[in-house]
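One-letter residues, chain by chain:
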Amino acid sequence: MNRIYLDHAATTYIDDAVKAAMEPYWQNKFGNASTIYKEGCDARSALNAARKNIASLIGANPDEIIFTNGGTESDNLAIFGIARQYKGGHIITSKIEHHAVLNSCKVLEKENFKVTYLDVDKNGIIDLKELKKSLCKDTILISIMYANNEIGAIQPIKEIAKVIRDYKIKNKNKKIYFHTDAIQAAGYLDLNVERLGVDLMSVNASKIYGPKGVGFLYARRGIKLLPIIYGGGQEKGIRPGTENIPSIVGLDKAFEIAQKMREKESKRVVSLRDYLIKNILKIIPDSSLNGNQALRLPNNVNVTIKNVEGESLILYLDARGIACSTGSACTSQDLEPSHVITALGKSREDAHCSIRFTLGRKTTKADMDYLLKVLPGIVKKLRNISAI
Amino acid sequence: MIKKRLRKPAQVLATASASGGEWIYSKTVKEHFFHPRNILLKEPKKGEFDAEGAVGNPACGDVMKMWIKVEPKTQRIKKLKWRSFGCATAIASTSMFSQMVTEYGGMTLEDALRLTPQDIMKRLGGLPPYKVHCSVLADQAFKSTIENYFQKFPEEAPAK
């Protein structure tokens, strides 16, 4: 059976050019970048080139890029790195962050940090006034995701940065750091850190057609981060461990391709997304879009189909060759309904009935039409057996 | 007709396992999930069933309704139908439960009440640990149905 993969927010396959770029570093150029002989120099020059290229793609300096083993680690390093460096105090985040951020904040609460979890409106967007009110003399860190993984809601990062900047100026250049998790945004949005006004930014490769298990954290010059793991002096000692050169080269290539094609690809995917949303809402009775159609990632469709339990729907679609998910793939072993959908003001019942389709580079209109062809029958079957 | 309907799942299984590799659920769970037995598709006619029960809460992601028809003399379950809003596990375990209590001429109420979620799980070929609680719903819905039955027919209730 032909498979139709509609879960690109969970992960992507690796791009051919990325795979090719990584190839020399498995066997020929396998050296440890910390050594001084030829093999090591080869590895080091690849590492430096990747760092330089990534930095230029986001408008940063090479020394502001810290390679990590992925998105979760980047988020953890940003949050714990700042919190434990500057000890005690207040952190602001939102209720719809990824668990990599939320659970890090929960740990810090146990370490006597105060954490404010900002509400979002029905579109999944935070309220700038609420953010303004939450800032206080103890605030050291604000972590707000660029685009949400479940509903694709895009936060006004520039405006958030301005609110923070104004507060800092008013309070004698107080030290407050702004971190954004840009993992879902990296394939579609502008990641220039100067334009965005962020101090820290997490990106990973596995959502942008790169390898799994690699990412980076951008940390503005002058920011001191306390490491979360300890070892040698790699990554200025902030992230020790022998550098994973093939993956870092893959991350660089994937990120470069993603940023180069993002505008064109966004346009293409938006039209497929809007076609899918329009038709699901038209042909499936009692269905509704989670989040706002305009303020969302070009590839994200998240709908609630009343009386149709998400997991059952996924498995029926899987049997028909379609891969999709309910909310975050990380929560699908969790019995709690999505914290993102409930934060929009929807009921827990509606959250249990939510389903997410995330489109990708190979998604075609024919894929959308096939999904639209099989979906009504499955929904009807599950509603027939439903006890509600 | 029945045979024809039973053939289909085998085909689905073959294709899915060829393309999908390992499933988190057993073959039996999958089979019952895609082809649940004893679903009540139409609203029950008057007198079609002796009792009904329900458990769960849509907010928790699971709601189960059950209907039974009992042969008064033998107290054997002649018919057990159900409907569920729930995950694959809830659907498969209730389907299996409905099969277990109605096969071989039907279980007596006494025997059926002795069935445990573990018995259902065994017949299903196991469940992922975090899904075990979903198999309890069938058992709970059945207990609620039997309670309703004994309320309606107190003379049949076991002496306390």
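Residues numbered from 1 in each chain as written. Chains lettered and ligands numbered in written order. Predicted model: local features only at pLDDT ≥ 70, side-chain atom pairs only at ≥ 80, totals over all residues.

### Quick word on the confidence of the model for chain B
Residue and element names in this part refer to chain B. Scored by pLDDT, chain B has a mean of 83; 85% of the residues are at 70 or more. Predicted confidence in chain B is weakest over helix α1 (residues 2-20), with a mean pLDDT of 36, and strongest over strand β3 (residues 76-85), with 94. Between residues 1-20, whose pLDDT stays under 50, and residues either more than four places distant or in other chains, the model counts 12 contacts. Reported for the predicted complex are a pTM of 0.90 and an ipTM of 0.79. (pLDDT = per-residue confidence, 0-100. Helix = DSSP H or I, 4+ residues; strand = E, 2+ residues; numbered from the N terminus. Contact = placed C-beta atoms within 7 Å.)

### Things to note about the sheet that holds strand β7 (residues 200-204) of chain A
Note on sheets: strands pair through backbone hydrogen bonds, and any given pair is parallel or antiparallel. Residues and elements named next belong to chain A. Across the sheet, seven strands lie side by side as β2-β8-β7-β6-β5-β3-β4; this open sheet has mixed pairing. Only two strands of the sheet have a single neighbouring strand rather than two, namely β2 (65-68) and β4 (114-118). Averaged over all neighbouring strand pairs, the angle between strand axes comes to 20°, with direction disregarded. Pairing between β7 and strand β8 (residues 215-219): five bridges, direction antiparallel. Residue L200 lies in a different strand from β8, and its bridge partner there is A219. (Pairing = 2+ DSSP bridges. Axes fitted to C-alpha atoms, helices over the stretch in contact; angles between N-to-C directions.)

### Focus on helix α4 (residues 71-86) of chain A
All names here are of chain A. Taking 1.5 Å per residue, 16 residues should reach 22 Å; α4 reaches 23 Å between its end C-alpha atoms and fits that length. Within α4, 12 of the 16 residues are buried, which leaves the element mostly enclosed by the surrounding structure. Here α4 has its buried residues at G71, T72, E73, S74, D75, N76, L77, A78, I79, G81, I82 and A83. The first or second residue beyond α4 is K87, which carries a positive phi of 45°. (Expected span 1.5 Å × (residues − 1). Buried ≥ 20, exposed ≤ 12 C-beta atoms within 10 Å, placed from the backbone.)

### Observations concerning the interface of chain A and chain B
Of the residues lining the interface, 21 residues belong to chain A; the matching set on chain B comes to 25 residues. Elements with a minimum of two residues in the side of chain A that touches chain B: α10 (310-319) and α12 (348-352) of chain A. Examining the composition of the side of chain A that touches chain B, we find that five residues originate from one element, α10(A), more than from any other. In terms of residue class, the side of chain A that touches chain B is built from eight nonpolar, seven polar and six charged. (Nonpolar A, V, L, I, M, F, W, Y, C, P; charged D, E, K, R; others polar.)

### Let's talk about the UniProt feature "domain: NIF system FeS cluster assembly NifU N-terminal" (unreviewed entry) in chain B
The UniProt entry lists residues 25-152 of chain B under the feature "domain: NIF system FeS cluster assembly NifU N-terminal" (unreviewed entry), expressed in the numbering used here. Taken end to end, residues 25-152 of chain B has its terminal C-alpha atoms 38 Å apart, with 45% of it in helix and 21% in strand. (UniProt positions renumbered as here; feature names shortened; annotations may be inferred.)

### Re the pairing of strand β6 (residues 177-181) of chain A
All names here are of chain A. In terms of burial, β6 is a largely internal element, five of the five residues being buried. Here β6 shows two buried faces, one formed by Y177, H179 and D181 and the other by F178 and T180. Where strand β5 (residues 139-143) meets β6, three bridges bridge the pair, whose relative direction is parallel. Looking at the pairing, S143 lines up with H179 of β6. With respect to chirality, the unit in which β5 leads through helix α7 (residues 157-170) into the neighbouring parallel β6 is right-handed. (Right-handed = clockwise from strand over helix to strand, strands pointing away.)

### Here we look at the packing of helix α2 (residues 27-34) of chain B against helix α3 (residues 88-102) of chain B
For any two helices packed against each other, the geometry is given by the interaxial angle and the distance between the axes. Residue and element names in this part refer to chain B. Two elements in contact, α2 and α3, have axes whose closest approach is 8 Å; the angle formed by their N-to-C orientations is 90°. Looking at the two axes, α2 sits roughly perpendicular to α3. Seen from α2, the contacting residues are V29, H32 and F33; seen from α3, they are A88, T89, I91, A92, S95 and M96. (Parallel < 35°, antiparallel > 145°, perpendicular 65-115°, else oblique.)

### Considerations on the domain arrangement of chain A
Residues and elements named next belong to chain A. Domains assigned within chain A are domain 1 (4-12 + 262-384) and domain 2 (16-257). Just the C-alpha atoms count here: the centres of domain 1 and domain 2 sit 28 Å apart. The interface of domain 1 with domain 2 comprises 26 residues on the first partner and 24 residues on the second. The set of elements that each furnish at least two residues to the side of domain 1 that touches domain 2 consists of α9 (245-283), β10 (300-305) and α11 (339-343). Among the elements that make up the side of domain 1 that touches domain 2, the one with the highest residue count is α11 (three residues). Class assignment for the residues of the side of domain 1 that touches domain 2 results in eight nonpolar, 14 polar and four charged. (Domains from an automatic or database assignment.)

### Re the environment of A:H98
Residue and element names in this part refer to chain A. Mapped onto the elements of the fold, H98 is located in the loop between β3 (90-94) and α5 (99-110). Residues H98 and G310, spaced 212 residues apart in sequence, show a C-alpha to C-alpha distance of 19 Å. Ignoring any residue separated from it by four or fewer positions in sequence, one finds H98 in contact with D75, M145, N149 and D181.

### Observations regarding the nonpolar core
Soluble globular proteins: nonpolar side chains tend toward being buried together. One finds A:A186, A:F216, A:Y218 and A:A254 to be the most contacted residues of the largest nonpolar core, which totals 85 residues. Ranked by the residues each element gives to this core, the list is headed by α9(A), at eight residues. When residues of this core are assigned to domains, at least three map to each of domain 1 (4-12 + 262-384) and domain 2 (16-257) of chain A. A:A254 has contacts with A:D15, A:V18, A:A205, A:I208, A:Y209 and A:G210, leaving out every residue within four places of it along the chain. In terms of nonpolar packing, the next biggest core, distinct from the first, is built from 66 residues, A:V269, B:V55, B:C87 and B:M121 among them. (Core = buried A, V, L, I, M, F, W, Y, C linked by C-beta atoms within 7 Å.)

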